[in-house]
Amino acid sequence: MKIGIGSDHGGFELKEYIKEYFEKEDIEYVDYGTNSAESVDYPDYGRKLAEAVIAGEVDRGIAICGTGIGISIACNKVKGIRCALCGDTYSARMSVEHNNGNMLALGGRVVGKDLAIEIISTWLKAKFEGGRHERRVNKISDIEG
Ligand code: RB5
């Protein structure tokens, strides 16, 4: 599985930490920026990453801003994206098992680094359960038109 990762300045430090984890664990990733702690606009980075997920450049995406809120809202505007802002491992697992989430959002100023890694490793292992959840996820797609 190839993971896309992107952030604004508020998520930059956590993004760099997560990249070290990916390298240590041999997890393939593409970094969609930002590339420094200089102030940028989170919709630009969320959009770029979300569009890469939809284009199939990467299998799933991890988006990070200060709270994770702004970037998750931006990502969810891209048709086909189901981006879940998670601060715990249970929600991260459920966002895939029940909601077939294809993106995870994290708050770089909210979650600690170790918790972020636990959330990511749980999220990466999770698989969509389908069945009744498929019907519900399809109804989300119907809203998009
Ligand atoms: C940037 O200061 C901050 O607003 C942004 O990272 C994010 O938290 C927005 O939701």
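Residues numbered from 1 in each chain as written. Predicted model: local features only at pLDDT ≥ 70, side-chain atom pairs only at ≥ 80, totals over all residues. Heavy atoms only, no water.

Explain the pattern of salt bridges here, please?
A pair can form between side chains of opposite charge whenever their charged atoms are brought close. Overall, the coordinates contain seven salt bridges when judged by the stated rule. The salt bridge involving Lys15 is made with Asp31; its shortest N-O contact spans 3.0 Å. Taken together, the residues span a long stretch of sequence, with Lys15 in helix α1 (residues 9-24) and Asp31 in strand β2 (residues 29-31) at a distance of 16 residues. One network of salt bridges, in which partners are shared, links Lys15, Glu16, Lys19 and Asp31. (Salt bridge = Lys/Arg side-chain N within 4 Å of Asp/Glu carboxyl O. Helix = DSSP H or I, 4+ residues; strand = E, 2+ residues; numbered from the N terminus.)

Even after reading the chapter, I still don't get the site of the ligand, so can you show me in this structure?
Asp8, His9, Tyr42, Cys65, Gly66, Thr67, Gly70 and Arg109 make up every residue found near the ligand. Contact between the ligand and Thr67: an oxygen atom at 3.0 Å from a main-chain N or O atom of the residue. Calculation on the ligand without its partners gives an accessible area of 290 Å², and the protein chains cover 71% of this total. Looking at the shell around the ligand residue by residue, the classes come out as two nonpolar, four polar and two charged. (Near = heavy atom within 4 Å. Polar contact = N/O pair within 3.5 Å; in protein donor to acceptor, adjacent residues only side chain to side chain. Areas by Shrake-Rupley, 256 points an atom, 1.4 Å probe, with all protein chains shown as cover. Nonpolar A, V, L, I, M, F, W, Y, C, P; charged D, E, K, R; others polar.)

How do you make sense of a positive patch on the surface when you look at a structure like this?
A contiguous patch of positive charge on the surface is contributed by Arg132, Arg135, Arg136 and Lys139. Here Arg135 is to be found in helix α6 (residues 132-144). (Patch = residues over 30% accessible without salt bridge, like charges linked within 9 Å, V, L, I, M, F, W, Y side chains within 5 Å. Lys, Arg positive; Asp, Glu negative; His and termini not counted. Charge placed at Lys NZ, Arg CZ, Asp CG, Glu CD.)

Is there a simple way to think about the packing of helix α4 (residues 89-97) against helix α5 (residues 113-125) in this case?
Two numbers describe a pair of packed helices, the interaxial angle and the distance between the axes. Direction vectors running N to C along α4 and α5 enclose 25°, while the axes themselves pass 8 Å from each other. Viewed along their axes, α4 and α5 adopt a mutual orientation that is roughly parallel. The way α4 lies across α5 gives a crossing that is right-handed. Residues Thr89, Ala92, Arg93, Ser95 and Val96 of α4 form the contact with α5, whose own contacting residues are Glu118, Ile119, Thr122 and Trp123. Residues belonging to the contact of α4 with α5 are distributed by class as follows: four nonpolar, three polar and two charged. (Axes fitted to C-alpha atoms, helices over the stretch in contact; angles between N-to-C directions. Parallel < 35°, antiparallel > 145°, perpendicular 65-115°, else oblique. Left-handed = near helix turned anticlockwise from the far one by under 90°. Contact = heavy atoms within 4.5 Å.)

It is not clear to me how unusual backbone geometry should be interpreted in this structure. Could you clarify?
One can expect most non-glycine residues to show negative phi and most peptide bonds to be in trans. For the bond running from Gly33 to Thr34, omega is 0°, close enough to zero to count as cis. Topologically, Thr34 is positioned in the loop between β2 and α2 (42-55). Even without being glycine, Asp26 reaches a positive phi, approximately 60°. Along the chain, Asp26 falls in the loop between α1 and β2.

What am I meant to see in α5 here?
Think of an α-helix as 3.6 residues a turn; residues three or four steps apart then line up on the same face. Over its 13 residues, α5 extends 19 Å from the first C-alpha to the last, a length consistent with the 18 Å expected when each residue adds 1.5 Å. Along α5, the positions that sit buried rather than exposed are Ala116, Ile117, Ile119, Ile120, Ser121, Trp123 and Leu124. The secondary structure elements touched by the buried residues of α5 are β1 (3-7), α1, β3 (60-65), α4 and β5 (103-107). (Expected span 1.5 Å × (residues − 1). Buried < 20%, exposed > 50% of the residue type's maximum accessible area, 1.4 Å probe, protein only.)

Please clarify how the pairing of β5 should be interpreted in this entry.
Looking along a regular strand, one sees the side chains alternate between the two faces of the sheet. Counting buried positions over the five residues of β5 gives five, a clear majority of the element. Covered by surrounding structure in β5 are Met103, Ala105 and Gly107 together with Leu104 and Leu106, the residues of both alternating faces. Here strand β4 (residues 83-85) pairs with β5 via three bridges, running parallel. Considered in β5, the bridge of Cys83 is made with Met103. (Pairing = 2+ DSSP bridges.)

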